[in-house]
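Residue-level listing of the chains:
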Amino acid sequence: MTKDTFYLTTPLYYTNSTPHVGHAYSTIAADILARYHRVTGSGRTHFLTGTDEHGPKVADAAAAAGKAPKEFVDEVVQRWQTAWRELDISYDQFIRTTDPEHEAAVQAIFVRLRDQGDIVPGTYQGWYCRNDETFWPETKLVEGRCPNPECGRPVEWISEDAWFFRLSRYRDVLVDHYNAYPDWVRPASAYNEMASLLRGGLEDLCVSRASVTWGIPIPGESKTIYVWFDAICNYITAAGFPHDMERFARLWPADVHLIGKEILRFHTIIWPALLIALDLPLPRLVFANGWITMEGQKISKSLGNVVRPADLTERFGVDGVRYALFAQAPFGVDFSFSEESLTRRYNADLANDLGNLVQRVLAMLGRYRKGVVPAATSGDELNVAFAGTVQRVRAALDDLDFRGALAAIWERVGALNLYVEQAKPWAIAKDGDDALLDETLYNLCEGIRWIAALVYPFMPRTAAAIWQALGQTGTPGQMWETTLHWGGLAAGTQTSLPPVLFPRRESGAGVA
């Protein structure tokens, strides 16, 4: 077997807390890409997400809740899965690092690397932050505390016999890979940061814990495997490595790893070094999305400014939130989030532009033609404009330019609204020009059909509502290559008027 599937992943989310809008941002991005690839190309897509469930932070949180770690994470995982279900996240696989198959695969990987001399014994002494589960050199500490600005907690001195992954031996081959593939880490700022880190040299990585019991046991020892080693291996264990190599060959290498920029080092230095040691191809792209900020601070549990996805969807609907997050800023940069900005964008782009367009067009079709689609037209040059938009949307999404794709779609939304105002179907009906009215109504309905297909990856519920109102069945757009041709809306199709897609919202109700 050879690779035949678009394979994309989110980071594994840590189970000492529940989802906030920052987690939703990364996961919705992956869902948009997954839905897009399902309606284009081969349609074969595998979207992986899941939870990271080992380590002292989880054990501490479980103890604080008065529960055993596994009992605790079983309950927390339900909250993550519920949140993704409510946001219409269409993942193909949800991996848990407590899955027996994953644990066995990680043990096999550890033993293989140890047997071939890439994991060697030693003694670890260093400053350890339990919250970040990271060792820090003394020179990096800030007044004796964790240097991560989101953390700042006290660190503890740890000294123990340990196993080390020989990360330093892969520094030169990583440098060669960075030089050969300058776009494999994006955005450019992330690439430059990691390339600079590589130039400074690498130290071997401690990959065992003698003092941590809540983790994957090292076979034949009382130690456990370092939680980050455990977690980042999920991308290949979920794909079948090393126990189902036929499945693995169809999926690997990953086409896109979506991560937060705070975990860049693990995914663009440690992870590729592990893959090279295993003689496996590296992922084709690691993309670090920006942070969502409120009053200049990243949204995070440790800062106490968490906004739950449900806080937003209760007010703006699932698709309103999905749209607003990705229309706001280029993917990969930090951006400011507020209830006021979300309300403005929702009302302007969704309620006024898209929602009003659909209601006006289908209401006029109902009034003048009893909701029945008239004969197809050549498109009156609209067909050329829409075909160009499809090309722009595809180019943008292939480049993970979500805002660019939405901007291209909204140009068509705006053009159709302008078409309504300039053509004035109500005036044509009054004049009794049936042929011109049929042509105008068809052009508008067919344009809306294309809009439904194009917005589907971003707003699946809205797309489905429009698609069904146009008398269509199945997934909006089906496969773009075959359904997005002008004249695809059959004459005689019975349409209906959908409920208001985006009721207007007033500012000031709050989102927390």
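Quick note: structure is the one above.
Residues numbered from 1 in each chain as written. Predicted model: local features only at pLDDT ≥ 70, side-chain atom pairs only at ≥ 80, totals over all residues. Heavy atoms only, no water.

1. Comments concerning the overall build of the protein
Basically, it comes down to this: Only DSSP runs of H or I covering at least 4 residues are called helices, and only runs of E covering at least 2 are called strands; the numbering of each starts at the N terminus. The quantity called the radius of gyration is restricted to C-alpha atoms. Its globule counterpart is 2.2 Å times the number of residues to the power 0.38. Burial classes follow relative accessibility: with a 1.4 Å probe on protein chains only, a residue under 20% of its type's maximum area counts as buried, one over 50% as exposed, and anything between as partly exposed. We get accessible surface area from the Shrake-Rupley algorithm with a probe of 1.4 Å; when it comes to residues, only the shown protein chains can shield them.
Across its full length, the protein holds 18 helices and 15 strands. Taken over the C-alpha trace, the protein has a radius of gyration of 26 Å; the compact-globule value for 512 residues is 24 Å, and the two agree within 12%. In terms of overall dimensions, the protein has a C-alpha envelope of 90 × 50 × 40 Å along the principal axes. Counting every position in the protein, which comprises 512 residues, the buried fraction comes to 57%. Carbon and sulfur atoms make up 49% of the accessible area of the protein, which amounts to about 20500 Å² in all.

2. A closer look at the packing of helix α1 (residues 21–38) against helix α13 (residues 382–398)
Basically, it comes down to this: Helix axes are fitted to C-alpha atoms over the stretch in contact, other axes to C-alpha atoms as well, and angles between N-to-C directions run from 0 to 180 degrees. Angles are sorted into four bins: roughly parallel if under 35 degrees, roughly antiparallel if over 145, roughly perpendicular if 65 to 115, and oblique for all others. With the far helix as reference, a near helix turned anticlockwise by less than a right angle produces a left-handed crossing, and one turned clockwise produces a right-handed crossing. Residues are treated as being in contact if the distance between any of their heavy atoms lies within 4.5 Å.
Interaxial distance between α1 and α13 falls to 11 Å at its minimum, and their mutual angle equals 130°. For the element pair α1 / α13, the angle class is oblique. Between α1 and α13 lies a crossing of left-handed hand. Contacts between α1 and α13 involve Ile-32, Leu-33, Tyr-36 and His-37 on the former and, on the latter, Arg-394, Leu-397 and Asp-398.

3. Considerations on the packing of helix α6 (residues 188–199) against helix α10 (residues 264–277)
What counts here: The classification used treats Ala, Val, Leu, Ile, Met, Phe, Trp, Tyr, Cys and Pro as nonpolar, Asp, Glu, Lys and Arg as charged, and all other residues, Gly among them, as polar.
One can describe the packing of α6 onto α10 by two numbers: an axis separation of 11 Å at closest approach and a directional angle of 55°. For the element pair α6 / α10, the angle class is oblique. Remark: the crossing between α6 and α10 carries right-handed chirality. Mapping the contact onto sequence places Ala-190, Glu-193, Met-194, Leu-197 and Leu-198 in α6 and Leu-264, Arg-265, Thr-268 and Ile-269 in α10. Partitioned by chemical class, the residues of the contact of α6 with α10 number six nonpolar, one polar and two charged.

4. Overview of the sheet that holds strand β5 (residues 134–136)
What counts is decided by this rule: In this scheme, strands are said to pair when DSSP sees at least two bridges between them.
On the basis of which strands lie adjacent, the open sheet formed by four strands has the order β5-β4-β6-β8 and antiparallel pairing. Strand pairing shows two members of the sheet lacking a second neighbour, β5 and β8 (205–206), which therefore form its edges. Bridge count between strand β6 (residues 156–165) and β8: two bridges; the pairing is antiparallel. The residue of β8 that forms the bridge with Phe-164 is Cys-206.

5. Here we look at the side chain of Ser-208
Secondary-structure assignment places Ser-208 in strand β9 (residues 208–209). Given the relative accessible area of 0%, Ser-208 is considered buried. When neighbours within four sequence positions are excluded, Ser-208 is seen to be in contact with Glu-160, Asp-161, Ala-162, Trp-163, Ile-218, Lys-223, Thr-224 and Tyr-226.

6. Side note on the pairing of strand β1 (residues 6–14)
Our working rule: Crossover handedness is defined by viewing with both strands directed away from the observer: a clockwise path from the first strand over the helix to the second marks the crossover as right-handed.
Within β1, nine of the nine residues are buried, which leaves it mostly tucked inside the rest of the structure. Taken together, the seven bridges between β1 and strand β2 (residues 45–52) define a ladder with parallel strand orientation. Its bridge partner being in β2, Thr-9 is matched across the sheet by Leu-48. For the handedness criterion, the β-α-β arrangement of β1, α1 and β2 is classed as right-handed. Direction of pairing for β1 relative to strand β11 (residues 256–260): parallel, over a ladder of two bridges. Across the sheet, Leu-8 pairs through a bridge with Val-256, a residue of β11.

7. Digging into the nonpolar core
To keep things clear, this is the line we draw: Among buried residues, those of type Ala, Val, Leu, Ile, Met, Phe, Trp, Tyr and Cys that are joined through side-chain atoms within 4.5 Å constitute a nonpolar core.
Formed by 104 residues in total, the largest nonpolar core has its most connected members in Phe-326, Phe-402 and Trp-410. For this core, the element with the most residues is helix α16 (residues 434–455), which contributes twelve residues. In this structure, Trp-410 is in contact with Tyr-323, Asp-349, Leu-350, Asp-353, Leu-354, Val-455 and Met-459, ignoring residues within four places of it in sequence. Ranked by size, the runner-up nonpolar core spans 60 residues in total, among them Ala-190, Val-207, Trp-252 and Ile-269.

8. Re helix α11 (residues 309–327)
Applied cut-off: Working rule for helices: expected span equals 1.5 Å times residues minus one. Bend is computed residue by residue as the angle between axes fitted to the seven residues ending at the residue and the seven residues starting at it.
Between its first and last C-alpha atoms α11 spans 17 Å; for 19 residues at 1.5 Å apiece the expected length is 27 Å, and the helix comes up short by more than 12%. Largest kink in α11: about 110°, centred on Phe-316. Of all 19 residues in α11, 17 are buried; the element is thus mostly enclosed.

9. Notes on the environment of Pro-187
Mapped onto the elements, Pro-187 comes out in the loop between β7 (185–186) and α6. Take Pro-187: its relative accessible area is 19%, and that puts it in the buried class. C-alpha of Pro-187 to C-alpha of Leu-342: the two residues are 155 residues apart in sequence and 25 Å apart in space. Those residues in contact with Pro-187 that sit more than four places away from it in its chain are Phe-287, Ala-288 and Gly-332.

10. Concerning the sheet that holds strand β3 (residues 93–96)
Read across the sheet, six strands follow the order β3-β2-β1-β11-β12-β7 without closing on themselves; strand pairing throughout is parallel. Edge positions in the sheet fall to β3 and β7, since each of these pairs with one other strand and no more. In the packing of α1 onto the sheet, the strands contacted are β1, β2, β11 and β12 (286–289), and the crossing angle to β1 comes to about 165°.

11. So, unusual backbone geometry
Along the chain, Arg-186 connects to Pro-187 via a cis peptide bond; the corresponding omega equals 0°. Omega for the peptide link from Phe-241 to Pro-242 comes to -5°, which places this bond in the cis form. Here Pro-242 is to be found in the loop between α8 (234–237) and α9 (245–251). Phi is positive for Asp-279, which is not a glycine, with a value near 60°. On the secondary structure map, Asp-279 appears in the loop between α10 and β12. The exposure class of Asp-279 is exposed, given its relative accessible area of 66%.

12. Quick look at the pattern of salt bridges
A pair can form between side chains of opposite charge whenever their charged atoms are brought close. The condition is simple: Salt bridges are counted wherever a side-chain nitrogen of Lys or Arg sits within 4 Å of a carboxyl oxygen of Asp or Glu.
Under the counting rule described, the total for this entry stands at 27 salt bridges. Put simply, Arg-44 and Asp-4 hold a salt bridge, and the shortest N to O gap is 3.9 Å. In this pair, Arg-44 sits in the loop between α1 and β2 while Asp-4 sits in the segment before β1, placing the two residues 40 residues apart along the sequence. When its relative accessible area of 24% is taken as the criterion, Asp-4 is described as partly exposed. Between Glu-221 and Arg-114 there is a salt bridge; the shortest N-O distance is 3.6 Å. Note that Glu-221 is positioned in the loop between β9 and β10 (224–225) and Arg-114 in helix α4 (residues 100–115), a separation of 107 residues in sequence. Glu-221 gets classed as partly exposed once you look at its relative accessible area, which sits at 27%. Taken together, the salt bridges that share partners define one network made up of Glu-53, Lys-70, Asp-74 and Arg-96.

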